[in-house]
Amino acid sequence: LLSLNPTIFTFNASITALQRGQQPALAASLLDDMRVAVVAPDVVTRSTLITGCARAQRWEEAVHHFAELRLQHLRADVVVFNATINACERGAQWPR
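Report on the accompanying structure. The model shown is predicted, which means the values in this text are computed figures rather than measured ones. (Residues numbered from 1 in each chain as written. Predicted model: local features only at pLDDT ≥ 70, side-chain atom pairs only at ≥ 80, totals over all residues. Heavy atoms only, no water.)

A separate point is the side chain of Arg46. Looking at the secondary structure, you find Arg46 in helix α3 (residues 43–55). An unpaired buried charge is present at Arg46: no salt bridge exists, and Glu68, the closest side chain of opposite charge, is 4.1 Å distant. Excluding anything up to four places from it in sequence, Arg46 contacts Leu31, Pro41, His65, Glu68, Leu69 and Gln72. (Helix = DSSP H or I, 4+ residues; strand = E, 2+ residues; numbered from the N terminus. Buried < 20%, exposed > 50% of the residue type's maximum accessible area, 1.4 Å probe, protein only. Lys, Arg positive; Asp, Glu negative; His and termini not counted. Salt bridge = Lys/Arg side-chain N within 4 Å of Asp/Glu carboxyl O. Contact = heavy atoms within 4.5 Å.)

And the structure:
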């Protein structure tokens, strides 16, 4: 019997699929699974979560993921900044 260990790639693919399926809360819950598997979220993980939150008009969660990205000392790229701004705009929180 093979034992499969999840990687950052499998987590990111799962999060992307859940976001596309309009399941942002379920996608975010995978962060707990990542902690258990000792797989640290990367910029792609956070960017995908922020984008999904923007689509679902969940600006507070988007800002939370942005803050977590910064706390992890990950470098935000233009996609992350745009997604965070978009989430705030959709949530009528721009400028704040």
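On we go from here.
A few words now on the pattern of salt bridges. Counted by the stated rule, this structure contains 2 salt bridges. The partner of Asp32 in a salt bridge is Arg35, and the shortest N-O contact between them spans 2.7 Å. Of this pair, Asp32 and Arg35 both sit in helix α2 (residues 24–36), 3 residues apart, which is roughly one turn of the helix. The class of Asp32 is partly exposed, set by a relative accessible area of 45%. Owing to a relative accessible area of 55%, Arg35 belongs among the exposed residues under this scheme.

The next subject is the environment of His65. Structurally, His65 can be placed in helix α4 (residues 59–71). Here His65 falls in the buried class, since its relative accessible area comes to 4%. C-alpha of His65 to C-alpha of Phe11: the two residues are 54 residues apart in sequence and 16 Å apart in space. In this structure, His65 is in contact with Ala28, Leu31, Arg46, Leu49, Ile50 and Cys53, ignoring residues within four places of it in sequence.

Counting across every chain of the model gives 1 aromatic pair. The interplanar angle of 55° and the centroid separation of 5.6 Å between the aromatic rings of Phe66 and Phe81 together place this pair among those described as tilted. Linking Phe66 in helix α4 with Phe81 in helix α5 (residues 78–90), this pair joins segments that are 15 residues apart in sequence. Note on Phe81: relative accessible area 38%, which makes it partly exposed. (Phe/Tyr/Trp six-rings, centres within 6.5 Å; stacked < 30°, edge-to-face > 60°.)

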